[in-house]
Amino acid sequence: MEHQQRSQGRLSPSSDTEDIVALLAPRLVHFAGVARTEHVTRAAQELQVPQSTLSRSVARLEQDLGVDLFARHGRTLSLTPAGRAFLVSVERALAEMERAAEEVRADADPATGKVAFGFLHTMGAETVPGLLHAFRADHPRIRFSLVQNHGDAMLEGLRAGELDLCLTSPVPDAPDLVARRLDEQKLRLVVPADHRLAGRRRIRLAEAADETFVTLEPGYGLRRITDALCAEAGFRPRVAFEGEEAETLRGLVAAGLGVALLPPPAVPRPEVVELTVTSPRAAREIGVAWLAERSDTPPVTAFKKFLLSRRGRLLPD
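In short, a report on the structure.

Cut-offs used in this document
Residues numbered from 1 in each chain as written. Predicted model: local features only at pLDDT ≥ 70, side-chain atom pairs only at ≥ 80, totals over all residues. Heavy atoms only, no water. Pairing = 2+ DSSP bridges. Helix = DSSP H or I, 4+ residues; strand = E, 2+ residues; numbered from the N terminus. Axes fitted to C-alpha atoms, helices over the stretch in contact; angles between N-to-C directions. Contact = heavy atoms within 4.5 Å. Left-handed = near helix turned anticlockwise from the far one by under 90°. Nonpolar A, V, L, I, M, F, W, Y, C, P; charged D, E, K, R; others polar. 1 Å grid on protein atoms, 1.4 Å probe; cavity = no way out; pocket = protein on both sides within 12 Å on 5 of 7 lines; lining within 4 Å. Points joined across faces, edges and corners; volume = space filled by probe spheres on them. Phe/Tyr/Trp six-rings, centres within 6.5 Å; stacked < 30°, edge-to-face > 60°. Parallel < 35°, antiparallel > 145°, perpendicular 65-115°, else oblique. Salt bridge = Lys/Arg side-chain N within 4 Å of Asp/Glu carboxyl O. Buried < 20%, exposed > 50% of the residue type's maximum accessible area, 1.4 Å probe, protein only. Right-handed = clockwise from strand over helix to strand, strands pointing away.

## A look at the sheet that holds strand β8 (residues 202-204)
Right, so step 1: Spatially, the four strands line up as an open sheet ordered β8-β12-β7-β11, and their pairing is mixed. Both edges of this open sheet fall to β8 and β11 (260-262), since each of them pairs with a single strand only. Shown here is a sheet whose adjacent strand axes are inclined to one another by a mean of 45°, direction ignored.
Right, so step 2: Relative to β11, strand β7 (residues 188-192) is paired through three bridges, and the arrangement is antiparallel. In the sheet register, valine 190 faces β11, and the bridge partner there is alanine 260.

## Things to note about the sheet that holds strand β3 (residues 114-119)
Right, so step 1: Taken together, the five strands give an open sheet; going across it, the order is β4-β3-β5-β13-β6, and neighbouring strands pair in mixed fashion. In the strand order of this sheet, the two ends are held by β4 (143-148) and β6 (177-186), each with one partner. Within this sheet the neighbouring strands show an average axis-to-axis angle of 20°, counted without direction.
Right, so step 2: Both β3 and β4 contribute to a ladder of six bridges, which runs parallel. Within β4, the position partnered with phenylalanine 117 by the bridge is leucine 146.
Right, so step 3: Running at roughly 170° to β4, helix α5 (residues 127-135) makes contact with β3, β4 and β5 (165-168) of the sheet.
Right, so step 4: In this fold helix α9 (residues 298-309) packs onto β3, β4, β5, β6 and β13 (283-291), with an angle of close to 40° to the strand it touches most, β3.

## Let's talk about the packing of α5 against α9
Right, so step 1: Contact geometry for α5 and α9: axes closest at 11 Å, N-to-C directions at 115°. Where α5 crosses over α9, the handedness of that crossing is right-handed. In this structure, α5 uses Leu131, Leu132, Ala134 and Phe135 to contact α9, whose residues at the interface are Ala302, Phe303, Phe306 and Leu307.
Right, so step 2: Partitioned by chemical class, the residues of the contact of α5 with α9 number eight nonpolar, no polar and no charged.

## What to know about the layout of surface pockets
Right, so step 1: Of the volumes computed, that of the largest pocket is approximately 400 Å³.
Right, so step 2: Considering the residues around the largest pocket, the lining is formed by 20 residues, among which Glu126, Gln185, Pro264, Pro265 and Pro316 are closest to the centre.
Right, so step 3: Going through the elements one at a time, β6 and α8 (246-254) are the ones with two or more residues in the lining of the largest pocket.
Right, so step 4: Class assignment of the residues belonging to the lining of the largest pocket gives a composition of eight nonpolar, four polar and eight charged.
Right, so step 5: By volume, the second largest pocket is sized at about 180 Å³.
Right, so step 6: The element best represented in the lining of the second largest pocket is β3, accounting for three residues.

## Quick look at the packing of aromatic side chains
Right, so step 1: Scanning the entire structure with this criterion turns up 10 aromatic pairs.
Right, so step 2: Both rings, one in phenylalanine 31 and one in phenylalanine 86, keep their centres 5.2 Å apart while their planes meet at 50°; by these two values the pair is tilted. Taken together, the residues span a long stretch of sequence, with phenylalanine 31 in helix α1 (residues 17-37) and phenylalanine 86 in helix α4 (residues 81-108) at a distance of 55 residues.
Right, so step 3: Every member of this aromatic cluster is reached through a ring pair, and the members are Phe117, Phe119, Phe135, Phe144, Phe303 and Phe306.

## Observations regarding the packing of helix α2 (residues 40-47) against helix α3 (residues 51-65)
Right, so step 1: Two elements in contact, α2 and α3, have axes whose closest approach is 9 Å; the angle formed by their N-to-C orientations is 110°. In terms of orientation, α2 lies roughly perpendicular with respect to α3. Side by side, α2 and α3 meet where Val40, Thr41, Ala43, Ala44 and Leu47 of the first sit next to Gln51, Leu54 and Ser55 of the second.
Right, so step 2: Of the residues in the contact of α2 with α3, the class split is five nonpolar, three polar and no charged.

## Focus on the pattern of salt bridges
Right, so step 1: All chains considered together, the criterion is met by 20 salt bridges.
Right, so step 2: The salt bridge involving arginine 27 is made with aspartate 64; its shortest N-O contact spans 1.9 Å. Here arginine 27, found in helix α1, pairs with aspartate 64, found in helix α3; they are 37 residues apart in sequence, far enough to count as distant.
Right, so step 3: Assessed through its relative accessible area of 14%, arginine 27 is described here as buried.
Right, so step 4: For aspartate 64, a relative accessible area of 5% gives the class buried.
Right, so step 5: Arginine 99 is the partner of glutamate 96 in a salt bridge, and the nearest nitrogen-oxygen pair spans 2.6 Å.

## Describing the pairing of strand β9 (residues 212-216)
Right, so step 1: Counting buried residues in β9 gives four out of five residues, a clear majority hidden from the surface.
Right, so step 2: Relative to strand β10 (residues 238-243), β9 runs parallel, the two being bridged by five bridges. When the bridges of β10 are listed, phenylalanine 213 appears paired with valine 239.
Right, so step 3: Handedness of the crossover is the feature at issue here: the chain leaves β9, passes through helix α7 (residues 221-232), returns alongside β10, and the resulting connection is right-handed.

No statement about biological role is implied by the geometric values presented.
Structure representation (structure tokens):
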């Protein structure tokens, strides 16, 4: 039987791809089953659907595509060249769908599922490893996809579905997010070891008004906090260097390139001195955030509950 073009009922070339997929997807399994057996009755038995349903499904698929996929020979069928070409792609698509379904089920498994967790760079050396170690004492097989980034990028990751939860600062206030304050972290003025202020233990931030600062880039939560604290102290910081990571800034301070407001380091550096800021109160809130309308998988629920239980003791002593 020669390949024939069907002129009635076919989708036009201008039809949206999403419309085509919506029409074709329910019929692909039926087509593949008939293609394997080349017999509608046997395929209906294997797929456990009525024969009439299967026949209509295949006929509608051919009508939607505008081509004959099968040549009819009484009760048996054989694939046309177009049908053979289509079957290759259909089997590949069905295998990918099955793989994706298995992956989604695995990620949602209460015992072995996965949590996509974002956190600030400054929490990567000590805080997050400690949290994961404590959590896995009761959930040893739950897996994590870890993302370190600045606050705004992580919030976008939540909205894009790339993250389940994130630890960030400042604690966000947005209608599409849920956020809970977990802890507070003091910030210190970090100066070079040979700096004129290095002999001090405490300082009012206004005393550093004439200093050159090194800061994180605009868009980082710690940068916004630094700017706000300096404004409260009565000055605008003169910024010489902007970076993306707090320990890099600490290195710049050690090299004598400026001073910085930073959280405590994971490992003290002898090349710098960290001064307690007495005025204004220098601290940042750390919170956990998630998308308001998103349903959690059991692993995400368990880890969220764990994080909320650490309120007031999230950070290492």
